[in-house]
Amino acid sequence: MNKSLIWASILGITALVAIPGMAENATSKGVKTQASAHDANVNSDNMTNMAGHAVAPPVKSRGLNGTCDIRVSNQTGLYVQFFFNGNPAGTIGPWGALTPNITEGNASLYARAVFTDGSVLTFGPRALTCTGGDFTWTLTP
């Protein structure tokens, strides 16, 4: 076999193996709208715990997807509520960051800043497919 063909094959396989472990980044600019009675991206915004109903830990498998560390970077001067798969996962202070949990597979990320005048600044929803690397989502005004 030709040496250049062998090297090309080795480099191609190396690139395919390296891709799942690469970090991903995304930026979302906020969209300001009026707050509505129902937000389709939020299952619940209640952060009160119900006795006997703790959230199960994320499932970790040895499948192709692996696990991902998610980091949400708030590059605004606002307090932002963060939702993971439609459920509240924390509040990010101005210029702060949040690292929710580790997940695998598909997820929906969503965030919003609520104002006293009844308006909201929304970020996303942002679909995430975990491919084994870290993911940073940057929120901008």
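To be clear, the structure that these remarks concern was listed above.
About the criteria used
- All residue numbers here refer to positions counted from 1 along the written sequence of the relevant chain.
- Predicted model: local features are reported for residues with pLDDT of at least 70 only, side-chain atom pairs are reported and counted for 80 or more only, and whole-chain, interface and lining totals are derived from all residues.
- Side-chain figures throughout are based on the complete set of non-hydrogen atoms in the structure, without hydrogens or water.
- A run of H or I in DSSP counts as a helix once it spans at least four residues, and a run of E counts as a strand once it spans at least two, with each numbered from the N terminus.
- Partly exposed describes any residue whose relative accessible area lies between the buried limit of under 20% and the exposed limit of over 50%, with all areas from a 1.4 Å probe on protein chains only and scaled to the type maximum.
- Note on areas: Shrake-Rupley with a 1.4 Å probe; residue coverage comes only from the protein chains shown.
- Paired strands are those between which DSSP finds at least two bridges.
- Lines fitted to the C-alpha atoms define the axes, with helices restricted to the stretch that makes contact. Angles between their N-to-C directions range from 0 to 180 degrees.
- Residue types Ala, Val, Leu, Ile, Met, Phe, Trp, Tyr and Cys, when buried and joined through side-chain atoms within 4.5 Å, form a set referred to as a nonpolar core.

Student: So what exactly am I meant to see when it comes to the overall build of the protein chain here?
Tutor: Within the protein chain one finds 1 helix and 10 strands. Ordered by position in the sequence, the α and β elements of the protein chain form the string α-β-β-β-β-β-β-β-β-β-β. Residue burial in the protein chain is summarised as follows: out of 141 residues, 28% are buried. Split by element, the accessible area of the protein chain, about 9,000 Å² in all, is 58% carbon and sulfur.

Student: Can you help me understand the pairing of strand β3 (residues 68-74) in this one?
Tutor: Successive side chains on a regular strand alternate, one facing one side of the sheet and the next facing the other. Judged by how many residues are buried, β3 sits mostly within the fold: 5 of 7 residues are covered. In this structure, β3 lies alongside strand β10 (residues 135-140), joined through 5 bridges in parallel fashion. Across the sheet, the residue bridging to asparagine 74 is leucine 139, located in β10. Direction of pairing for β3 relative to strand β6 (residues 97-98): antiparallel, over a ladder of 2 bridges. Opposite serine 73, over in β6, you have alanine 97 as the bridge partner.

Student: It is not clear to me how the environment of aspartate 45 should be interpreted in this structure. Could you clarify?
Tutor: Relative to the helices and strands, aspartate 45 is located in the loop between β2 (31-34) and β3. Through-space distance from the C-alpha of aspartate 45 to that of asparagine 87 is 6.8 Å; in sequence the pair is 42 residues apart.

Student: Explain the sheet that holds strand β8 (residues 106-114) to me, please; I cannot follow it from the model alone.
Tutor: Taken together, 5 strands build an open sheet; the order of strands is β2-β9-β8-β4-β5 and the sheet is antiparallel. Edge positions in the open sheet fall to β2 and β5 (87-92), since each of these has one partner strand only. Between one strand axis and the next, the sheet turns through 30° on average, direction left out of account. Relative to β8, strand β4 (residues 80-84) is paired through 4 bridges, and the arrangement is antiparallel. Bridge pairing links phenylalanine 82 to alanine 111 in β8.

Student: Mind showing me how you'd approach the pairing of β5 here?
Tutor: For β4 and β5, the ladder comprises 5 bridges, and the chain directions are antiparallel. Across the sheet, residue phenylalanine 84 finds its bridge partner in β5, namely asparagine 87. The antiparallel hairpin formed by β4 and β5 contains 2 residues in its connecting segment, where asparagine 85 sits at a positive phi of about 55°.

Student: Whenever I open this one, the nonpolar core confuses me. Can you help?
Tutor: Here is a general trend for soluble globular proteins: nonpolar side chains tend to be buried in one another's company. Among the nonpolar cores identified, the biggest contains 17 residues, and Ile70, Val72, Phe82, Leu109, Phe123, Trp137 and Leu139 are the most heavily contacted of them. Of all the secondary-structure elements, those providing two or more residues to this core are β3, β4, β8, β9 (119-129) and β10. If one sorts the elements of this core by residue count, β8 sits on top with 4 residues.

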